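Now for the letters of each chain:
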Amino acid sequence: MNIFFYIAAVVALISTIMAISGKNAIHSLLYLILSLLAVSVIFYLLDAPFIAALEVIIYAGAIMVLFIFVTMMLNVGTESSKVNKLTNPRKWIVPSILSAILFMDFILALKNVPSSTSVGQVVLPKQVGISLFSTYLLAVEIAAILLMAGVIGAYHLGSQKKKVTHRFLEKK
Amino acid sequence: MLTVPIEIQILFAGILFLLGLIGLLVRRNMIYMLMSIEIMFNSAGLVFIIAANRWKQPDGQVMFIFILAVTAVEVAIALALLLQVYHHYKTLDADAVNKLKDYN
């Protein structure tokens, strides 16, 4: 039972070390996604399946895709232009092995962990939702305002500066 | 039921946070610094989930959802800023952005 936790923890630590010590930004981002997936397995083992799903969907699925988009737009990374590097097995054999270990870990954990649905034993997503929209209602609204400010701020910062020159002042 | 001692779980979250902190301090590429901040946010959320599992209360999971919202906003703003920095300086080196530095 505990071995699943330790395997996922080791995978998370190894992939995090590879992520922060890598040379190529895209490779590091893919290692970081693997680290987030390993932490998601740990969330599942910690009786929080709803949070595990949120971690996969929002962290690994949305935030990391944003990172990858920006990295590809900027085209940084020393070897991203060389496609031949992708066929080098050394580049993808380690993350493949780590992903396979994590996948097997998750499948075996799904089979072996009895899904306890009694209320006293485990916090169900329903309780989380009820608590979110009753006790923490004000915090939810503040988070909504924060997201709104984020949208406006990202739009303002992301827009390219237009050159505003009056047509009489333009040099012919 | 997971019977890993809670000290080990907290230690794991702490090591993850420390890795993020080391990455933030060591790397000068802004994308790597943002990634390290993500790792640190993630380990902070992990501590909340560990506490929620320890006391069987939903509050820890609620806090993780708030951390998720804050992280999403932070990443969006930071990446927009990063695009502007790259537009102006043509580099992602954090040390290159030093116009506020006091030269004397």
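Since this is a predicted model, take the numbers as computed values, not measurements.

**Digging into the confidence of the model for chain B**
All names here are of chain B. When pLDDT is averaged along chain B, the result is 89; 97% of the residues meet or exceed 70. Helix H3 (residues 59-89) is the least confidently modelled element of chain B, averaging 91 in pLDDT, while helix H1 (residues 6-26) averages 94, the highest of any element. For this predicted complex, the interface score ipTM comes out at 0.90, while the overall pTM is 0.87.

**Digging into the packing of helix H1 (residues 2-20) of chain A against H1(B)**
Packing of H1(A) against H1(B) leaves a shortest axis separation of 10 Å and a crossing angle of 5°. Between H1(A) and H1(B), the interaxial angle falls into the category roughly parallel. Between H1(A) and H1(B), the residues in contact are A:Ala9, A:Ala12, A:Leu13, A:Thr16, A:Ile17 and A:Ile20 and B:Phe12, B:Ile15, B:Leu16, B:Leu19, B:Ile22 and B:Gly23, respectively.

**Details of the nonpolar core**
Counting 64 residues, the largest nonpolar core has A:Ala8, A:Ala38, A:Val41, A:Ile42, A:Phe43 and B:Ile49 as its most contacted members. The set of elements that each furnish at least two residues to this core consists of H1, helix H2 (25-45), helix H3 (49-74) and helix H4 (89-112) of chain A together with H1, helix H2 (30-55) and H3 of chain B. Ranked by residue count, the leading element in this core is H2(A), at 16 residues. Beyond its immediate stretch of four places on either side in the chain, A:Ala38 contacts A:Ala8, A:Val11, A:Ala12, A:Ser15 and A:Leu102.

**Section: the interface of chain B and chain A**
Each partner contributes to the interface: chain B provides 48 residues, whereas chain A provides 47 residues. Of all the elements in the fold, those that place two or more residues in the side of chain B that touches chain A are H1, H2 and H3 of chain B. Split by residue class, the side of chain B that touches chain A holds 35 nonpolar, nine polar and four charged.

**Concerning the confidence of the model for chain A**
Averaged over all residues, the pLDDT of chain A is 84; the fraction at 70 or higher stands at 83%. No element of chain A has a lower mean pLDDT than H4(A), at 86, and none a higher one than helix H6 (residues 137-158) of chain A, at 93.

**As for the packing of H2(A) against H2(B)**
Orientation of H2(A) relative to H2(B), taken along the N-to-C sense of each, is 0°, at an axis distance of 11 Å. Put simply, H2(A) runs roughly parallel to H2(B). Two secondary-structure elements touch here, H2(A) through A:Ala25, A:Ser28, A:Leu29, A:Leu32, A:Leu36, A:Val39 and A:Phe43 and H2(B) through B:Ile31, B:Tyr32, B:Met35, B:Glu38, B:Asn42, B:Leu46 and B:Ile49. Tallied by class, residues from the contact of H2(A) with H2(B) come to eleven nonpolar, two polar and one charged.

**Topic: the environment of A:Ile58**
Take A:Ile58: it is sitting in helix H3. With sequence-adjacent residues up to four places away left out, A:Ile58 is seen in contact with A:Ile63, B:Leu68 and B:Ala72.

**Observations regarding H4(A)**
Residues and elements named next belong to chain A. Compared with the 34 Å implied by 1.5 Å per residue over 24 residues, the 34 Å span of H4 between its first and last C-alpha is a close match. For H4, the set of buried residues is Leu 98, Leu 102, Asp 105 and Phe 106. Buried positions along H4 lie against H1 and H2.

**Observations regarding the environment of B:Gln61**
Within the secondary structure, B:Gln61 is located in helix H3. Expressed as a C-alpha distance, the spacing of B:Gln61 and B:Leu46, which sit 15 residues apart in the sequence, is 9.6 Å. The contact partners of B:Gln61, leaving out residues within four places of it in the chain, are A:Ala48, A:Phe50, A:Ile51, A:Val123, A:Val128, B:Ile49 and B:Ala52.

**Focus: the environment of B:Gly60**
Residues and elements named next belong to chain B. Tracing the backbone shows Gly 60 in helix H3. The exposure class assigned to Gly 60 is buried, which follows from the 23 C-beta atoms found within 10 Å. Sequence-wise, Gly 60 and Ile 49 are eleven residues apart; in three dimensions their C-alpha atoms are separated by 5.5 Å. If we skip the residues at most four places from it in the chain, Gly 60 touches Phe 48, Ile 49, Ala 51 and Ala 52.

Analysis parameters
- Residues numbered from 1 in each chain as written.
- Chains lettered and ligands numbered in written order.
- Predicted model: local features only at pLDDT ≥ 70, side-chain atom pairs only at ≥ 80, totals over all residues.
- pLDDT = per-residue confidence, 0-100.
- Helix = DSSP H or I, 4+ residues; strand = E, 2+ residues; numbered from the N terminus.
- Axes fitted to C-alpha atoms, helices over the stretch in contact; angles between N-to-C directions.
- Parallel < 35°, antiparallel > 145°, perpendicular 65-115°, else oblique.
- Contact = placed C-beta atoms within 7 Å.
- Core = buried A, V, L, I, M, F, W, Y, C linked by C-beta atoms within 7 Å.
- Buried ≥ 20, exposed ≤ 12 C-beta atoms within 10 Å, placed from the backbone.
- Nonpolar A, V, L, I, M, F, W, Y, C, P; charged D, E, K, R; others polar.
- Expected span 1.5 Å × (residues − 1).

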